[in-house]
Number of protein chains: 2
Amino acid sequence: MSEPEENKNQVRIIAAMARRLQEVLIFLCLAIFSKVTGAKPHPRGSGLDGATYCLSWRMAVETDNLRAWRTVPIQCLRHVETYMIGGQYDRDIDLIMEQIFSYINGIVISDDGMDAWILDVDDTCISNLFYYKGKRFGCDPWDPASFKAWASKGGCPAIPGVLGLFSKLVENGFKVFLVTGRDEETLGQATLDNLHNQGFIGYERLIMRTASHKGKSAVIYKSEIRKQLVEQGYRIWGNLGDQWTDLQGDCSGNRTFKLPNPMYFVP
Amino acid sequence: MSEPEENKNQVRIIAAMARRLQEVLIFLCLAIFSKVTGAKPHPRGSGLDGATYCLSWRMAVETDNLRAWRTVPIQCLRHVETYMIGGQYDRDIDLIMEQIFSYINGIVISDDGMDAWILDVDDTCISNLFYYKGKRFGCDPWDPASFKAWASKGGCPAIPGVLGLFSKLVENGFKVFLVTGRDEETLGQATLDNLHNQGFIGYERLIMRTASHKGKSAVIYKSEIRKQLVEQGYRIWGNLGDQWTDLQGDCSGNRTFKLPNPMYFVP
């Protein structure tokens, strides 16, 4: 090849490289943008609108402005998925645990054994994330039979931060009450086994729904339980749950802490 | 110039253009990324870590997991700025208003004139965003003298969504009580004027702190006011504020709604 032709070839090659580079960088930009915002097409408008709608939706859920919702809006499937498994859910929990630890460190425990904490079970102590992956992160409607089958296996993993908190509470001398809406008759043994196999050892009592609580809302049922504990002389220093209905009503505790859960609402 | 030299020149020019294009696209990527995530260097780690920390911090604030904080963490300045003026704050409010409208549409009003709503004033009815722009969106500590000077001017703009809600409440026959922690003696007239010039016309009463409320926390002060209203026979259907301390305590209302505010905490 003559020198001029070789140079022309170089020009073509470099121009092609420049085009390719441009394509790659534009793709990279879009990928980062979509990853960060969780942008998805959405009936309200463009992809970005969809992402910002889902941010607003999740904030409304977590602040209890949005109640009694039945399913995650389908346009927020990817947003909730990314939130739950992309790291932000874990980081949100870590920051809440930091707050609780700092609160606990300021409490002077008495020696009468009546300093208590209340923890919810599902998606507080142990996680149903694997189950909800199969339910499109809450986009599918509540399915009691399949949830019962899942819970019966006793295979929910601990939420690491909450297991750490649990251990600290027990070590520090708090009486820890695990209060759950699960039915004692059908899920009692599986829940006991699951908590044990995940390291929740040393709590005072696991309190589950019995026939007498049937049909009551979570707020009514959990308030009744807490009222009984207070009448027995317990001081409820803290109350942790993933649902506002864990934390509302009577004797809710000196401080309540809300864990994130954009996948379902318990009435 | 000979042909080979000209071609060599073209190669150099195209190579330089490709480099420049690469720089521009990388900058663009970083700009979009930083705009979307509010990513800033952060002691906890990289820029991305900083952005995810600020998301967790803001969520903890809005869910009342983080209390009695004095200033926005300095590493979250850009994050809070972007949130407040980049559109997400407005969209979050719009979605809350939708929820409130749907709640209101389900209420059957009686004709005794005792159906009431409570609205907070600062950053609920009228906005202090312009003031907080000058206080680094809450990164600067609370400055009562400069806030008093700002509020005295009576120039806070209405929050459009809340003005719309206010008008609907008045039209529908609710008695609207505006309850604020502002001091009546020093800010009474300016606040009345400001509400009027922004279109808040037709409310039942503007209730402000007087000498008898001095030194009381917001929860105690606002609970006392609400209790008096309930004793007078009012049914508090709803209560809207940007602070959890607007919504906690006695007679908080049949439903409470929390507006976002990541710029300051009122104890």
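Described in the following lines is the structure provided in the data block. Small disclaimer: the values here were computed from a predicted structure and weren't measured.

**Points about the overall build of chain A**
- Scanning chain A from terminus to terminus reveals nine helices and five strands.
- Each helix and strand of chain A, ordered N terminal to C terminal, gives the series α-α-α-α-β-α-α-α-β-α-β-α-β-β.
- Relative to its 267 residues, chain A shows a buried fraction of 49%.
- Summarising the internal contacts of chain A: among those between residues at least 6 apart in sequence, 70% fall at separations of at least 24.
- Here chain A has roughly 12300 Å² of accessible surface; of this, 56% comes from carbon and sulfur atoms.

**Comments concerning the state of the cysteines**
Residue and element names in this part refer to chain A.
- Considering all chains together, one arrives at two disulfides over all chains under this definition.
- Put simply, cysteine 54 and cysteine 76 are joined by a disulfide, and their sulfur atoms are 2.1 Å apart. The chirality of the disulfide connecting cysteine 54 with cysteine 76 is left-handed, given an S-S dihedral of about -90°. One end of the pair, cysteine 54, is in helix α2 (residues 47–62); the other, cysteine 76, is in the loop between α2 and α3 (77–85), and 22 residues separate them in sequence.
- Residue classification places cysteine 54 among the buried positions, given a relative accessible area of 1%.
- The exposure class assigned to cysteine 76 is buried, which follows from its relative accessible area of 0%.

**Regarding the packing of helix α6 (residues 144–152) of chain B against helix α8 (residues 184–197) of chain B**
Residue and element names in this part refer to chain B.
- Between α6 and α8, the least distance of the axes is 9 Å, while the angle of their chain directions is 35°. In contact with Lys148, Ala151 and Ser152 of α6, α8 contributes Thr186, Leu187 and Ala190.
- Split by residue class, the contact of α6 with α8 holds three nonpolar, two polar and one charged.

**Some words on the packing of aromatic side chains**
- This structure, assessed with the given rule, holds 29 aromatic pairs over all chains.
- An angle of 85° between the planes, with centres 6.5 Å apart, marks the rings of tryptophan 117 of chain A and phenylalanine 174 of chain A as edge-to-face. With a gap of 57 residues between them, tryptophan 117 of chain A in strand β1 (residues 115–119) and phenylalanine 174 of chain A in the loop between α7 (160–171) and β2 (175–183) connect regions that are remote in the sequence. In this structure, tryptophan 117 of chain A and phenylalanine 174 of chain A share a single accessibility class: buried.
- Taken together, a centroid distance of 5.0 Å and an interplanar angle of 75° make the contact between tryptophan 57 of chain B and tryptophan 69 of chain B edge-to-face. In this pair, tryptophan 57 of chain B sits in helix α2 (residues 47–62) while tryptophan 69 of chain B sits in the loop between α2 and α3 (77–85), placing the two residues 12 residues apart along the sequence. Taken as a pair, tryptophan 57 of chain B and tryptophan 69 of chain B share a single burial class, namely buried.
- Arginine 58 of chain A extends its terminal NZ or CZ atom over the ring of tyrosine 83 of chain A, reaching a point 3.8 Å from the ring centre.

**Quick look at the environment of isoleucine 126 of chain B**
- Locating isoleucine 126 of chain B in the fold gives a position in the loop between β1 (115–119) and α5 (129–133).
- Along the backbone, isoleucine 126 of chain B and glutamine 198 of chain B are 72 residues apart, and their C-alpha atoms lie at a distance of 8.0 Å.

**Points about the sheet that holds strand β2 (residues 175–183) of chain B**
All names here are of chain B.
- The strand order across the open sheet formed by five strands is β3-β2-β1-β4-β5, and the pairing between neighbours is parallel. At either end of the open sheet lies a strand with only one pairing partner, and these are β3 (205–209) and β5 (255–258). Here the average twist between neighbouring strands, direction ignored, is 20°.
- Taken together, the five bridges between β1 and strand β4 (residues 235–241) define a ladder with parallel strand orientation. Across the sheet, residue leucine 119 finds its bridge partner in β4, namely leucine 240.
- Along the sheet face, helix α4 (residues 88–105) touches β1, β4 and β5 and points at about 165° away from the line of β5.

**Here we look at the pairing of β1 of chain A**
All names here are of chain A.
- Within β1, five of the five residues are buried, which leaves the element mostly enclosed by the surrounding structure.
- Sheet topology note: the β1/β2 ladder contains four bridges and is parallel. Looking at the pairing, isoleucine 118 lines up with phenylalanine 177 of β2.

**Some thoughts on the sheet that holds strand β3 (residues 205–209) of chain A**
Residues and elements named next belong to chain A.
- Strands sit in the order β3-β2-β1-β4-β5 across an open sheet of five strands; the sheet is parallel. Looking at which strands have only one partner, the edges of the open sheet turn out to be β3 and β5 (255–258). Averaged over all pairs of adjacent strands, the angle between their axes in this sheet comes to 20°, without regard to strand direction.
- On top of the sheet, helix α9 (residues 218–231) reaches β1, β2, β3 and β4 (235–241); it is set at about 150° to β2, its chief contact.

**Observations concerning the environment of tyrosine 83 of chain A**
- Note that tyrosine 83 of chain A resides in helix α3.
- Through-space distance from the C-alpha of tyrosine 83 of chain A to that of arginine 58 of chain A is 9.9 Å; in sequence the pair is 25 residues apart.

**A few points about helix α7 (residues 160–171) of chain B**
Residues and elements named next belong to chain B.
- For α7, which comprises 12 residues, the first-to-last C-alpha distance of 17 Å matches the rise-based estimate of 16 Å (1.5 Å per residue) to within 8%.
- Along α7, the residues classified as buried are Val162, Leu165, Phe166, Lys168 and Leu169. When α7 is viewed along its axis, its buried side chains cluster within an angular range of 165° and face the same direction. The exposed residues of α7 that point more than 90 degrees off its buried face are Pro160 and Glu171.
- Along its buried surface, α7 packs onto α4, β1, β2 and β4.
- Among the residues trailing α7, glycine 173 stands out with phi positive, at a value near 95°.

**As for the pattern of salt bridges**
All names here are of chain A.
- Taken as a whole, this structure holds 22 salt bridges over all chains when the rule is applied.
- Here aspartate 143 makes a salt bridge to lysine 135, at a shortest N to O gap of 2.9 Å.
- When its relative accessible area of 25% is taken as the criterion, aspartate 143 is described as partly exposed.
- When salt bridges with common partners are traced through the structure, they connect Asp112, Asp115 and Arg235 into a single cluster.

Thresholds, definitions, all that
- Residues numbered from 1 in each chain as written.
- Chains lettered and ligands numbered in written order.
- Predicted model: local features only at pLDDT ≥ 70, side-chain atom pairs only at ≥ 80, totals over all residues.
- Heavy atoms only, no water.
- Helix = DSSP H or I, 4+ residues; strand = E, 2+ residues; numbered from the N terminus.
- Buried < 20%, exposed > 50% of the residue type's maximum accessible area, 1.4 Å probe, protein only.
- Contact = heavy atoms within 4.5 Å.
- Areas by Shrake-Rupley, 256 points an atom, 1.4 Å probe, with all protein chains shown as cover.
- Disulfide = S-S within 2.5 Å.
- Axes fitted to C-alpha atoms, helices over the stretch in contact; angles between N-to-C directions.
- Nonpolar A, V, L, I, M, F, W, Y, C, P; charged D, E, K, R; others polar.
- Phe/Tyr/Trp six-rings, centres within 6.5 Å; stacked < 30°, edge-to-face > 60°.
- Lys NZ or Arg CZ within 6 Å of the ring centre and 35° of its normal.
- Pairing = 2+ DSSP bridges.
- Expected span 1.5 Å × (residues − 1).
- Arc of directions from axis to C-beta.
- Salt bridge = Lys/Arg side-chain N within 4 Å of Asp/Glu carboxyl O.

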